[in-house]
Amino acid sequence: MRNLLPPAFVGRVTDMLGPEAEPFLASYDAPRSFGLRLNPAKWSAEAPEFAELMPLFGLEPIPWCPTGYYYAEEARPGKHPYHAAGLYYLQEPSAMSSAELLAPQPGETVLDLAAAPGGKATQIAAKLGPDGLLIANEIHPARAQILSENLERMGAANAVAVNAPPDKLAERFPAFFDRIMLDAPCSGEGMFRKDPDAMKEWSPAHVEMCAARQLDIVRHAAAMLKPGGVLGYSTCTFNREENEELIQAVLRECPALELERTERIWPHLTRGEGHFVAVLRHAGGSENTDENARTRKAGRVKPPSRQTAEAMAQFQAFAAEYLPAMPELPAGEPILFGEQLYWLPHGRGGRFHAGLLEGLKAPRPGLHLATMKKNRVEPAHALALAMPLSAFRGAARFALSSPELDAYLRGHAVQAPEGVPSGWVPVCAGRFPLGWAKLSEGQLKNHLPKGLRKL
Ligand code: SAM
């Protein structure tokens, strides 16, 4: 692979790294490292199931992320039913460093400005807990859809996925967030090992274009940070233009920001594809406080419409029957888009509400609860994935190796085990819900969304 590196890239690396360029360039011929991150909302390394997975996947801890593990490539954890159950997220090991350094705290309001496919977003959502709020944004519609699906799989009830350009969000959310993650679109020099095609796009002019775009996005991010708030900036590229020099330009442009730290992960020094992270803090000041008043003017929580209230009441009747021990939803409000009922989380302090999404595309305006059909409620896939087994009235539980589990994941109807009550039940891999089925006359009718079925 090293022979395929663009000569201008090799020249620039040699200038930047001097004698270290040789081991760095040699790393492009070394094997890649693979990582997964446990989802603390569903389980932990203390769970008995983890002890079984550890040797199966060849897991080894990643030093900079307490929930992160290297895995052996041939283990293919993306194919395991626990992946479909949202027990872990596959993420490149060094990419796990950004959210750890951003260090979101439970209950905070956080924006992930460039969030798809959702590695950092799902990591942040888990750290925020049920009182926190994550707005996960992605500018490209198709990628925003993937982001929504990943948030659903991980059961993030505290997250809203939006699809907007950064300037539009900055207008809507001035001085709003406690923390912002900007994992910027970059020239991807750390992606060459994974995706050799990325090399074809690379050129000095592309690096320059990326840096200009990054500065533009950071300006908008800075405007959305509360006084005292923290901005995490990261890239998976190595050049200084998109990293240290970009941060210097940001500090010149935004005097309210102070640099707290920068970190680099190098592929020739650690097991990871490489990452740059900078943590900046808004030093405070008055200019953003006026902006806060503007956000408040965007309106307060309105009571739900009659239709929405009725849909919510129907859902509650459904939940009383099929989810009798459903944990309380986070503070929030129901919203109805056509037939689709969502629960929009407000986060702590209640500054966020449905009015703030008006005019913005939101592929996932909170936890999807149900589809409201004419005379019935169809529970949403996201709901099954966001609930623990104890919430449900009954469940169809299968062993990991059972043919029924595989058949369910392929979209087939399967025979129910003894003792499962009829009607809506989650199908589970062991104790972890994978999705819904409806039991009638001993058969579990498959309600796994078509796009998520195994081929
Ligand atoms: N944070 C993601 C994760 O951990 O899974 C990866 C984000 S990726 C490095 C950068 C993202 O920025 C891409 O999804 C890309 O579509 C998006 N993007 C591209 N141009 C953008 C722009 N002008 N403003 C905001 N985001 C942009």
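What comes next concerns the included structure. Just so it is clear, the model here is predicted, and its values are computed rather than measured.

### Examining the overall build of the protein chain
- Scanning the protein chain from terminus to terminus reveals 15 helices and 21 strands.
- For 455 residues, the compact-globule estimate of 2.2 N^0.38 gives 23 Å, and the C-alpha radius of gyration of the protein chain, at 23 Å, lies within 12% of that figure.
- Within the structure as shown, the protein chain displays about 19,700 Å² of accessible surface, and the carbon and sulfur contribution to it stands at 53%.
- Here the protein chain holds 48 positive side-chain charges and 51 negative ones, and the gap between their average locations is 6 Å.

### Considering the nonpolar core
- Counting 42 residues, the largest nonpolar core has Leu169, Phe173, Leu182, Met224, Leu231, Tyr233 and Phe352 as its most contacted members.
- Of all the elements, helix H10 (residues 204-223) adds the most residues to this core, at five residues.
- Ignoring anything within four residues of it in the chain, the contact list for Phe352 reads Leu133, Ile135, Val160, Phe173, Phe176, Leu344, Pro345, His346 and Leu357.
- Ranked by size, the runner-up nonpolar core spans 33 residues in total, among them Tyr82, Leu87, Leu434 and Leu444.

### Observations regarding the site of the ligand
- Around the ligand there are 17 residues in total, and Gly119, Glu138, His140, Arg143 and Asp183 lie nearest to it.
- Between the ligand and the protein, one listed contact pairs a nitrogen atom with a backbone N or O atom of Ala114 at 3.0 Å.
- A distance of 2.8 Å separates an oxygen atom of the ligand from a polar backbone atom of Gly119.
- For the ligand, whose accessible area on its own is 600 Å², the fraction buried by protein is 84%.
- Looking at the shell around the ligand, the elements with two or more residues in it are helix H6 (119-128) and H10.
- Tallied by class, the residues present in the shell around the ligand amount to nine nonpolar, three polar and five charged.

### Some words on the environment of Glu339
- Checked against the element boundaries, Glu339 lands in the loop between strand E12 (332-337) and strand E13 (340-345).
- C-alpha of Glu339 to C-alpha of Ile62: the two residues are 277 residues apart in sequence and 43 Å apart in space.
- Excluding residues within four positions of it along the chain, Glu339 makes contact with Ala370, Thr371, Met372 and Lys373.

### Considering the sheet that holds E13
- Spatially, the four strands line up as an open sheet ordered E12-E13-E15-E16, and their pairing is antiparallel. Because the sheet does not close on itself, it has two edges, and the strands there are E12 and strand E16 (377-379). For this sheet the average axis-to-axis angle between neighbouring strands, irrespective of direction, equals 30°.
- One ladder, built from four bridges, connects E13 with strand E15 (residues 367-372); its direction is antiparallel. Paired with Tyr342 across the strands is His368, a residue of E15.

### Re the pattern of salt bridges
- Enumeration according to the criterion identifies 22 salt bridges in this entry.
- One salt bridge in this structure joins Asp178 and Lys226, with 2.7 Å as the shortest N-O distance. With Asp178 in strand E8 (residues 177-183) and Lys226 in strand E9 (residues 225-235), this pair connects stretches of sequence that are 48 residues apart.
- Judged by relative accessible area, Lys226 falls into the partly exposed class, the value being 23%.
- Of the charged contacts in the structure, one is a salt bridge between Glu273 and Arg193, with a shortest N-O distance of 2.7 Å.

Reading the values: the criteria
- Residues numbered from 1 in each chain as written.
- Predicted model: local features only at pLDDT ≥ 70, side-chain atom pairs only at ≥ 80, totals over all residues.
- Heavy atoms only, no water.
- Helix = DSSP H or I, 4+ residues; strand = E, 2+ residues; numbered from the N terminus.
- Rg over C-alpha atoms; globule rule 2.2 N^0.38 Å.
- Areas by Shrake-Rupley, 256 points an atom, 1.4 Å probe, with all protein chains shown as cover.
- Lys, Arg positive; Asp, Glu negative; His and termini not counted.
- Charge placed at Lys NZ, Arg CZ, Asp CG, Glu CD.
- Core = buried A, V, L, I, M, F, W, Y, C linked by side-chain atoms within 4.5 Å.
- Buried < 20%, exposed > 50% of the residue type's maximum accessible area, 1.4 Å probe, protein only.
- Contact = heavy atoms within 4.5 Å.
- Near = heavy atom within 4 Å.
- Polar contact = N/O pair within 3.5 Å; in protein donor to acceptor, adjacent residues only side chain to side chain.
- Nonpolar A, V, L, I, M, F, W, Y, C, P; charged D, E, K, R; others polar.
- Pairing = 2+ DSSP bridges.
- Axes fitted to C-alpha atoms, helices over the stretch in contact; angles between N-to-C directions.
- Salt bridge = Lys/Arg side-chain N within 4 Å of Asp/Glu carboxyl O.

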